[in-house]
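Single-letter residue listing:
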Amino acid sequence: MEHTSFLAISKSAYSNNIRFIKSQIGDNVTISSVIKGNAYGHGIENIVKIAENVGIRHFSAFSTDEAIRAKNSSKKNSQIMVMGMVESENLPYLIENGISFYCFEMDRLEAAIKKSKELGIKAKIHIEVETGFHRTGFEWDEKEELLASLEENSDHLQLCGLCTHYAGAESVANYVRIQNQIKQYHKFKDWFNSKGVHFDRYHTACSAASLSYPETIMDMVRIGIAQYGFWPSQETYMFKFKQLAPNKKNPLRRLISWKSQVMSLKKIKIGDFIGYGNSYMASRDMLIAQVPVGYCHGFGRSLSNLGKVLIHGKVLSVVGNVTMNTISVDVTDLKEVNKGDEVVIIGRQKRNEITVASFGESTQQVNYELLTRLPHDIPRKIVT
């Protein structure tokens, strides 16, 4: 192993998840694969390849750099959309390469129009409207100015979408707020349509909204966490639970596994302290395995004396403080252990499994945060 650990990305699990998502949204709805945050830690290049192989032809990035990576990885001339950060200096690249992008304020819209005129190429834009999330989006009282600009510059713009984002569709606590957002979005939509302005696609739903609010499923859905095999929240899962087949109560499958190996072994005497400081004292004679994964790899210091790994199919404890590059694992009770033996940090080994959720609970991180914090330089390998 050239690196100290690697991430395995399962293409069969991805295919399974897309089949389930399609069963929920219908065959005529476009799935936009959300690849922000390095494709939720899975690697943009990996996910574009896997997704295109199962028919995905639309990808949602947060920023221009992510869009460039997706564009360079695409073998099927897929559509790419930027939902967030776009610098004016990046507009020529986006426009020339047919990459669409959100416009949620007048200065970006004006810059897009100006650059479109200079290049003689229509800018592909999605108009994001403010419905109650209060992050980005045109306000209701800006609609007249916005309409005038869209009509005046119709020769320079392709209106690819009218969109918004929901403020916490994964929690029932936000139900009233989400319902109000849905109403506000349709208010915008109906108003534009009444003025003769129509968009290629209408899209508002993320994974949680697609699964919990079927009325938000329009021409396209932006699927992030669900495609990677995770429910947006426990509440989302419970909402769908009764609708799931009795023999398949969790139809989503995790793509990612994280594996390393035993680097070295050391015998410890009773009463000895292990690692930095005195956070762990051996209560018996012990055998300790060093595993070359530490907090610089995303195995947080908060897992000191709490973390678990799998070796030979057994759940084993991390003892002592997590260091920058290593963890110490108690392997005393294993019948046999050797340097080079596989260590599973996230994933299955024999009959046992360490899930992302259980790993996340130990570190007090949600799935989203844990996945996106996995360093880019950990190798990602596509497996079956």
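Heads up: these notes are all about the structure in this document.

Procedures and definitions
- Residues numbered from 1 in each chain as written.
- Predicted model: local features only at pLDDT ≥ 70, side-chain atom pairs only at ≥ 80, totals over all residues.
- Heavy atoms only, no water.
- Patch = residues over 30% accessible without salt bridge, like charges linked within 9 Å, V, L, I, M, F, W, Y side chains within 5 Å.
- Areas by Shrake-Rupley, 256 points an atom, 1.4 Å probe, with all protein chains shown as cover.
- Salt bridge = Lys/Arg side-chain N within 4 Å of Asp/Glu carboxyl O.
- Lys, Arg positive; Asp, Glu negative; His and termini not counted.
- Charge placed at Lys NZ, Arg CZ, Asp CG, Glu CD.
- Helix = DSSP H or I, 4+ residues; strand = E, 2+ residues; numbered from the N terminus.
- Buried < 20%, exposed > 50% of the residue type's maximum accessible area, 1.4 Å probe, protein only.
- Pairing = 2+ DSSP bridges.
- Axes fitted to C-alpha atoms, helices over the stretch in contact; angles between N-to-C directions.
- Contact = heavy atoms within 4.5 Å.
- Phe/Tyr/Trp six-rings, centres within 6.5 Å; stacked < 30°, edge-to-face > 60°.
- Lys NZ or Arg CZ within 6 Å of the ring centre and 35° of its normal.
- Core = buried A, V, L, I, M, F, W, Y, C linked by side-chain atoms within 4.5 Å.

1. Focus on a negative patch on the surface
A cluster of like negative charges, contributed by Glu105, Asp107, Glu110 and Glu145, occupies part of the molecular surface. Its place among the elements puts Asp107 in helix H6 (residues 106-119).

2. Looking at the pattern of salt bridges
Counted under the stated rule, the structure contains eight salt bridges. Of the charged contacts in the structure, one is a salt bridge between Glu342 and Lys259, with a shortest N-O distance of 3.7 Å. Taken as a pair, Glu342 in strand S16 (residues 342-349) and Lys259 in strand S10 (residues 256-261) lie far apart in primary sequence, 83 residues in all. On the basis of relative accessibility, which here comes to 35%, the residue Glu342 falls in the partly exposed class. Across the pair Arg348 and Glu353 runs a salt bridge, and its minimum N-O distance is 2.8 Å. Under the relative-accessibility criterion, Glu353 is labelled partly exposed at 32%.

3. Regarding the sheet that holds strand S11 (residues 264-268)
In space, the three strands of this open sheet follow the order S11-S12-S15, with antiparallel pairing throughout. The open sheet terminates on both sides in strands that have one partner only, identified here as S11 and strand S15 (327-330). With strand direction ignored, the average angle separating the axes of adjacent strands in the sheet is 30 degrees. In this structure, strand S12 (residues 286-291) lies alongside S15, joined through four bridges in antiparallel fashion. Paired with Val291 across the strands is Ile327, a residue of S15.

4. Re the sheet that holds strand S4 (residues 79-85)
Spatially, the eight strands close up into a barrel ordered S2-S3-S4-S5-S6-S7-S8-S9, and their pairing is parallel. Each strand axis lies, on average, 30 degrees off the axis of its neighbour in the sheet, ignoring direction. Where strand S5 (residues 100-103) meets strand S6 (residues 123-128), three bridges bridge the pair, whose relative direction is parallel. Paired with Phe101 across the bridge in S6 is Ile125. Strands in contact with helix H4 (residues 64-73) are strand S3 (58-63) and S4; relative to S3, the strand with the most contacts, it is inclined by about 150 degrees.

5. Focus: the packing of aromatic side chains
Applying the stated criterion to the full structure yields eleven aromatic pairs. For the pair Phe20 and Trp231, a centre-to-centre distance of 5.9 Å together with 70 degrees between the ring planes defines the contact as edge-to-face. Placement of Phe20 in helix H1 (residues 11-25) and of Trp231 in the loop between strand S9 (220-223) and helix H10 (234-241) is noted, with a sequence separation of 211 residues between them. Trp231 shares its class with Phe20; the two are buried. Ring plane angle 85 degrees and centroid distance 5.6 Å describe the contact between Phe192 and Phe199, whose orientation is recorded as edge-to-face. Neither residue differs from the other here; Phe192 and Phe199 are each classed as buried. By way of ring pairs, the aromatic residues Trp140, Phe188, Trp191, Phe192, Phe199 and Tyr202 are connected into one cluster. If you follow Lys143 out to its NZ or CZ, it ends over the ring of Trp191, 5.5 Å from the centre. Here Lys381 stacks its cationic end above the ring of Phe6, 4.3 Å away from the centre of that ring.

6. Details of the pairing of S10
For S10, the buried fraction is high: five of the six residues fall into the buried class. Of the strand pairs in this sheet, strand S1 (residues 6-10) and S10 are connected by four bridges, and their pairing is antiparallel. Along S10, the bridge assignment pairs Leu7 with Trp258. In the sheet, S10 pairs with S16 via four bridges, with the strands oriented antiparallel. Note on S16: the bridge partner recorded for Trp258 is Ile346.

7. Let's talk about helix H3 (residues 44-53)
Summarising burial for H3: seven of the ten residues are buried, a large majority. Within H3, burial applies to Ile44, Asn46, Ile47, Val48, Ile50, Ala51 and Glu52. With its phi angle positive at about 100 degrees, Gly55 sits one or two positions after the end of H3.

8. Overview of a nonpolar patch on the surface
Nonpolar side chains collect at one region of the surface, where Val172, Tyr175 and Val176 lie side by side and expose about 320 Å² of accessible area between them. Take Tyr175: it is sitting in helix H8 (residues 175-194).

9. With respect to the nonpolar core
One finds Phe101, Ile125, Ile127, Phe192, Trp258, Phe299 and Ile311 to be the most contacted residues of the largest nonpolar core, which totals 105 residues. Counting residues per element, this core draws most heavily on H8, which supplies six residues. Apart from residues lying up to four places away in sequence, Ile125 is in contact with Phe101, Cys103, Leu109, Leu150, Leu157, Gln158, Leu159, Cys160 and Gly161.

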